[in-house]
Amino acid sequence: MKSSSTRRVLLASAGIVALAVPLAACSGGGSDDGTVEISFLTQNTGTNVEVAEALIEAFEAEHDDITVRLETQPAGTEGDNLIKTKLATGEMEDVFYYNSGSLFQAMNPDQNLVPLDDEPWVDDLIDTMTPVVSTENGIYGAPFGATQAGAVVYNKKVYADLGLEVPTSWDEFAANNEAIKAAGIAPVIQTYGDTWTSQLFILGDFGNVLAQDPDWAEEYTAAERKYVDEPALQGFTNQQTGFEAGWWNEDFASALYDDGARMVATGEGAHYPILTGIVSTFQQNYPDELENIGVFPLPAQNAEDTKLTVWLPNAVYIPKTTEGDKLEAAKTFIEFLNSPGGCEIQTTVMVPSGPFATSACTLPDDVPGLLKDMQPYFDEGNTNPALEFLSPIKGPNLENITVEVGSGIRSAEDGAALYDEDVVKQAQQLGLEGW
Amino acid sequence: MTSIAERPREKTAPSPRAKRKSMKSMYPTWFYIPSAVLYIVLFAVPTFASFYFSLTRWTLFDSTFIGLDNFVTFFTEPMMFQSLINTFIYAFLTSGAKVVLGLALGVLLTGAILGRGYLRSTIFFPVLVSTIGVGVTFKVLMDPFDGLINKSLAAFGIDGPDWLTDPALAIYSIAIVDIWKGVGIATLIYIAGIVAIPQEYYEAAKVDGAGSWKNFWHITLPLVRPATATVVLLSLIGGLRSFELIWAMTRGGPGFSSDVIASVVYKQYQAGFYGLSTAGTVVLFLVVAAIIIPIQYLLTRRQVES
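Residues numbered from 1 in each chain as written. Chains lettered and ligands numbered in written order. Predicted model: local features only at pLDDT ≥ 70, side-chain atom pairs only at ≥ 80, totals over all residues.

Chemist: Tell me about the overall build of chain A, and please be specific about residues and values.
Modeler: Helix and strand content of chain A: 19 helices and 13 strands. The C-alpha radius of gyration computed for chain A amounts to 24 Å, which stays within 12% of the reference 22 Å derived for 435 residues, consistent with globular compactness. When the backbone C-alpha atoms are referred to their principal axes, chain A occupies close to 90 × 50 × 40 Å. Buried residues in chain A amount to 50% of all 435 residues. (Helix = DSSP H or I, 4+ residues; strand = E, 2+ residues; numbered from the N terminus. Rg over C-alpha atoms; globule rule 2.2 N^0.38 Å. Buried ≥ 20, exposed ≤ 12 C-beta atoms within 10 Å, placed from the backbone.)

Rendered as structure tokens:
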């Protein structure tokens, strides 16, 4: 009787152990032969994987004692979630690639990331880059890739055929659009099948907002400025105007980002407000059209307020869970990114979407026309950073709201008011003052 | 562990109730432990933890207790009302259609028709396909310009609607796909229910001169009430918490026009509002319970009466 009861206890315990063993097997690892293996997490979108593979190959050629294992994950909100979950559970890869600016702040860097203040590449960063990968306590990320602009990508052939000039104010832009429409070409391409692309009228207009109100971003973080008021409301109004004027391509509600790239490259459409990172899609799918594609900032109402809105590059970070040899190897890997070898990968495999954010890397001379169009704005100081690099507040529902405004479901004022409500949650979650 | 092991076993302290229990169960209590551990670790603990976290502002890294603020925020979400309405439209529409179509198909497929086995499997087949796969496929089929559906309609000179991009239509388009996918289960339940009706009733009715319509109305329909109750409950619960199909097809869009409670919760979760989205799941739990419990009571009570 007693023995059978003991046996049962044993069996039950064995059962529990059997359940728990696979969980424990997940941790552990390491090697004894002197080489260190680190893992590098990147996003599986666009050309990210090819770039990472080229980078790892070049790095391993220089460093025999370090091997790098590539891991990928989705970008966008799904990726945001994975990053936070991995950091919170201590399962993050040794080095990972992720957004700078507001999304970087949302990772709780002081608690989760390794400070990199003493690294040699830190002094090379341009002034606007440092704050978007830093907290009050130090710098946590190294830029990877080039800056990009949120602007109007346009087809130069269409412009040449119709004898149009690059607009500097909204009225000129509107006049161009009417001329293009009369010629039977879609003046403005919108692709709401990929909802994030709908936000450019607001996000890409931010340079113009800042030109009219230099303190807007700080005041916004302090809950003193709102999107329902000018000058910020203008972005929503512009989008509504575009829909009401019938500027969009016929299939705007279901078209995807790749369709937008096709339309502007082939001249089915004239303007596509988008991030200039799209240049890598052109390079891949329409290399022959690359020189027919140009870019100009989203025009402000007054020509003197028109500024190019610039996105700073994403960065690579090291989580606190990377320790010992792996930490040293991870730092060496990051250092390599901003060395001549790393820069070469960034300029050849990865088509630069704008100037670099570190003086360690310089643009080659034979850049696509898209970049040449951007350079004067940088040279003349006519650029402003996007809002997400000046304020940690970015509401999650902006892309749905802009789809509604751009589809005529909701008015610009309603959309702006709804977005103001939407960001309150984000500000509270971040524990900001005054919300 | 030890406290369980030292608990007096039922055999040593027999009471009338325990005796009955031990007679009923042929397995020792120990056999429950593996499933109990799984249930507690994977279900009970998270459930109760979620009640707590719904009262906090939670970043995964740390949480601050904020009382009922999350529930206030959840109910003042601008798109909350719309998504609540959508949830009800979706649940009642799909549930109703599955009852009507499931019963019709059930009657058809228990009758003597040609190719019955083939038709039965054809109708059941969509149930076996992954919901996400169905969603992605129909998203392509329902594309307003290049989709097969509108192209086919165009061949007959019909200008097809913007199935998924028209804000007034999107939720209904998804509901149609849901019905197509889910009607197989309803049909299966009805077939089982109809087959279980004793043939004597029909024979007696035949003697009395009843036609097939009267047979259906006075014999089949009342006697498949248990099947109806099952179909209603299952499809209503499924409809109220429906998410995958909506997410695969529209992500709640265009804008917020096909959002339901579950997709709002998921979006909040994606945005990193972990406390808020947990509050949302608690609300969803309460809504489902508030609708299902009375309906279940109503349906089972009638069953007893009949």
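Text resumes after the structure shown.
Chemist: Let's hear about the overall build of chain B: which residues, and what values?
Modeler: For chain B, the count of helices and strands is 15 helices and two strands. For 306 residues, the compact-globule estimate of 2.2 N^0.38 gives 19 Å, and the C-alpha radius of gyration of chain B, at 25 Å, exceeds that figure by more than 25%. Across the 306 residues of chain B, 34% fall into the buried class. A fraction of 69% describes how many contacts in chain B between residues 6 or more apart in sequence connect residues 24 or more apart. (Contact = placed C-beta atoms within 7 Å.)

Chemist: For the interface of chain A and chain B, give the residues involved together with the corresponding values.
Modeler: Many analyses report the size of an interface as the accessible area lost when the parts associate. Facing 32 residues of chain A, the contacting portion of chain B comprises 28 residues. Sorting the residues of the side of chain A that touches chain B by element identifies α1 (2–24), α3 (76–89), α18 (398–406) and α19 (412–429) of chain A as the ones contributing at least two each. Split into classes, the residues belonging to the side of chain A that touches chain B amount to 11 nonpolar, 12 polar and nine charged. (Nonpolar A, V, L, I, M, F, W, Y, C, P; charged D, E, K, R; others polar.)

Chemist: Explain the sheet that holds strand β2 (residues 66–73) of chain A residue by residue, including any values.
Modeler: Residues and elements named next belong to chain A. In spatial order, the strands read β2-β1-β3-β12-β6; together these five strands make up an open sheet with mixed pairing. In the strand order of this sheet, the two ends are held by β2 and β6 (141–143), each with one partner. This sheet shows a mean twist of 25 degrees between the axes of neighbouring strands, independent of strand direction. Against the sheet, helix α15 (residues 324–337) makes contact with β1 (36–43), β2, β3 (95–98), β6 and β12 (315–317), and its axis sits at roughly 50 degrees relative to β1, the strand it touches most. (Pairing = 2+ DSSP bridges. Axes fitted to C-alpha atoms, helices over the stretch in contact; angles between N-to-C directions.)

Chemist: For helix α14 (residues 261–270) of chain B, give the residues involved together with the corresponding values.
Modeler: Note that an α-helix has 3.6 residues per turn; residues three or four places apart therefore point the same way. Residue and element names in this part refer to chain B. Across the 10 residues of α14, eight count as buried, placing the element largely inside the fold. Three or more residues of α14 are buried, namely Ile 261, Ala 262, Ser 263, Val 264, Val 265, Tyr 266, Lys 267 and Gln 268. Downstream of α14 by a residue or two, Gly 272 has a phi angle that is positive, lying close to 90 degrees.

Chemist: So what's going on with the nonpolar core? Which residues, and what values?
Modeler: Counting residues in hydrophobic clusters, the biggest one holds 118 residues, and the most contacted among them are Ile 38, Val 95, Val 153, Val 264, Val 316 and Phe 333 of chain A. Each residue touching Val 264 of chain A, except ones within four places of it in the same chain, is listed here: Val 153, Tyr 154, Asn 155, Ile 189, Gly 269, Tyr 272 and Ile 293 of chain A. (Core = buried A, V, L, I, M, F, W, Y, C linked by C-beta atoms within 7 Å.)

Chemist: Hey, could you go over the packing of α18 of chain A against α19 of chain A for me, with residue numbers and the actual values?
Modeler: Residues and elements named next belong to chain A. Where α18 contacts α19, the axes come no closer than 9 Å and their chain directions differ by 170 degrees. When the axis of α18 is compared with that of α19, the two are roughly antiparallel. In this structure, α18 uses Leu 398, Ile 401, Glu 404 and Val 405 to contact α19, whose residues at the interface are Ala 412, Gly 415, Leu 418 and Tyr 419. Of the residues that constitute the contact of α18 with α19, the class distribution is six nonpolar, one polar and one charged. (Parallel < 35°, antiparallel > 145°, perpendicular 65-115°, else oblique.)

Chemist: With reference to specific residues and values, describe the domain arrangement of chain A.
Modeler: All names here are of chain A. By the assigned domains, chain A splits into domain 1 (36–143 + 314–348) and domain 2 (148–311 + 376–429). For domain 1 versus domain 2, the separation of C-alpha centres amounts to 29 Å. On the side of domain 2, eight residues touch domain 1, which itself brings seven residues to the contact. Among the residues forming the side of domain 1 that touches domain 2, the class breakdown is one nonpolar, six polar and no charged. (Domains from an automatic or database assignment.)

Chemist: Just give me the short version of the confidence of the model for chain B, but keep the residues and values in it.
Modeler: Residue and element names in this part refer to chain B. Mean pLDDT for chain B: 85, with 90% of residues reaching 70 or above. Across chain B, the secondary-structure element scoring lowest on mean pLDDT is helix α1 (residues 2–6), at 43, and the one scoring highest is helix α9 (residues 170–195), at 94. In this model residues 1–15 is a low-confidence stretch, pLDDT under 50, and it forms seven contacts with partners more than four residues away in sequence or in other chains. Interface confidence in the predicted complex, given as ipTM, is 0.77; pTM for the same model is 0.80. (pLDDT = per-residue confidence, 0-100.)

Chemist: Any details on helix α7 (residues 131–141) of chain B? Residues and values, ideally.
Modeler: All names here are of chain B. For α7, the full list of buried residues reads Thr 131, Gly 135, Phe 138 and Lys 139. The buried side chains of α7 occupy one side of the element, clustering within an arc of 110 degrees when seen end-on. Residues of α7 that are exposed and point more than 90 degrees away from the buried face comprise Gly 133 and Val 140. Against the buried residues of α7 lie α9 and α13 (244–249). (Arc of directions from axis to C-beta.)

Chemist: Explain the packing of helix α10 (residues 199–207) of chain B against helix α11 (residues 212–223) of chain B to me, using residue names and the numbers behind them.
Modeler: All names here are of chain B. In the contact formed by α10 and α11, the axes pass within 11 Å of each other and the chain directions differ by 135 degrees. The pairing of α10 with α11 is recorded here as oblique in orientation. Between α10 and α11 the crossing geometry is right-handed. Residue-level contacts link Tyr 201, Tyr 202 and Ala 205 of α10 to Lys 214, Asn 215 and Ile 219 of α11. (Left-handed = near helix turned anticlockwise from the far one by under 90°.)

Chemist: Tell me about the pairing of strand β11 (residues 308–311) of chain A, and name the residues and values.
Modeler: Residues and elements named next belong to chain A. Going residue by residue along β11, you find Leu 308 and Val 310 tucked away on one face and Thr 309 and Trp 311 tucked away on the opposite face as well. Where strand β7 (residues 148–155) meets β11, three bridges bridge the pair, whose relative direction is antiparallel. Its bridge partner being in β11, Ala 149 is matched across the sheet by Val 310. Examined bridge by bridge, β11 and strand β13 (residues 383–385) share three bridges and lie parallel to one another. Residue pairing in the sheet places Thr 309 in a bridge with Asn 384 of β13.

Chemist: Tell me about the pairing of β7 of chain A, residues and numbers included.
Modeler: Residue and element names in this part refer to chain A. Among the eight residues that make up β7, eight are buried, leaving the element largely enclosed by the rest of the structure. Two strands pair when backbone bridges link them, and β7 and strand β10 (residues 293–296) are joined in this way by four bridges, in the antiparallel orientation. Looking at β10, one finds that Val 153 is bridged to Val 295.

Chemist: Quick one: what's the story with the environment of Ile 185 of chain A, residue by residue and with numbers?
Modeler: Residue and element names in this part refer to chain A. Locating Ile 185 in the fold gives a position in the loop between α8 (170–182) and β8 (186–188). Sequence-wise, Ile 185 and Gly 267 are 82 residues apart; in three dimensions their C-alpha atoms are separated by 7.8 Å. For Ile 185, the residues in contact, after removing those within four places along its chain, are Val 158, Ile 180, Gly 267, Gly 269 and Ala 270.

Chemist: Can you break down unusual backbone geometry residue by residue, with the values?
Modeler: Residues and elements named next belong to chain A. Looking along the chain, the bond that leaves Glu 230 and enters Pro 231 is cis, with omega of 5 degrees. Positionally, Pro 231 belongs in the loop between α11 (216–221) and α12 (233–244). The phi torsion at Ala 223 lies on the positive side, around 65 degrees, for a residue other than glycine. C-beta crowding within 10 Å serves as the criterion here: with 16 such atoms nearby, Ala 223 is assigned to the partly exposed category.

Chemist: Outline the confidence of the model for chain A, listing residues and values.
Modeler: Residues and elements named next belong to chain A. On average, residues of chain A score 87 in pLDDT, and 92% of them are at 70 or above. Element-level pLDDT for chain A is lowest in α1, with a mean of 52, against a maximum mean of 95 in β8. Every residue in residues 21–31 is under pLDDT 50, and counting partners more than four places away or in other chains gives one contact.

Chemist: Account for the environment of Gln 346 of chain A, naming residues and giving values.
Modeler: All names here are of chain A. Position of Gln 346 relative to the elements: it lies in helix α16 (residues 340–348). Owing to 24 C-beta atoms within 10 Å, Gln 346 belongs among the buried residues under this scheme. Setting aside residues up to four positions removed in sequence, Gln 346 forms contacts with Gly 145 and Cys 361.

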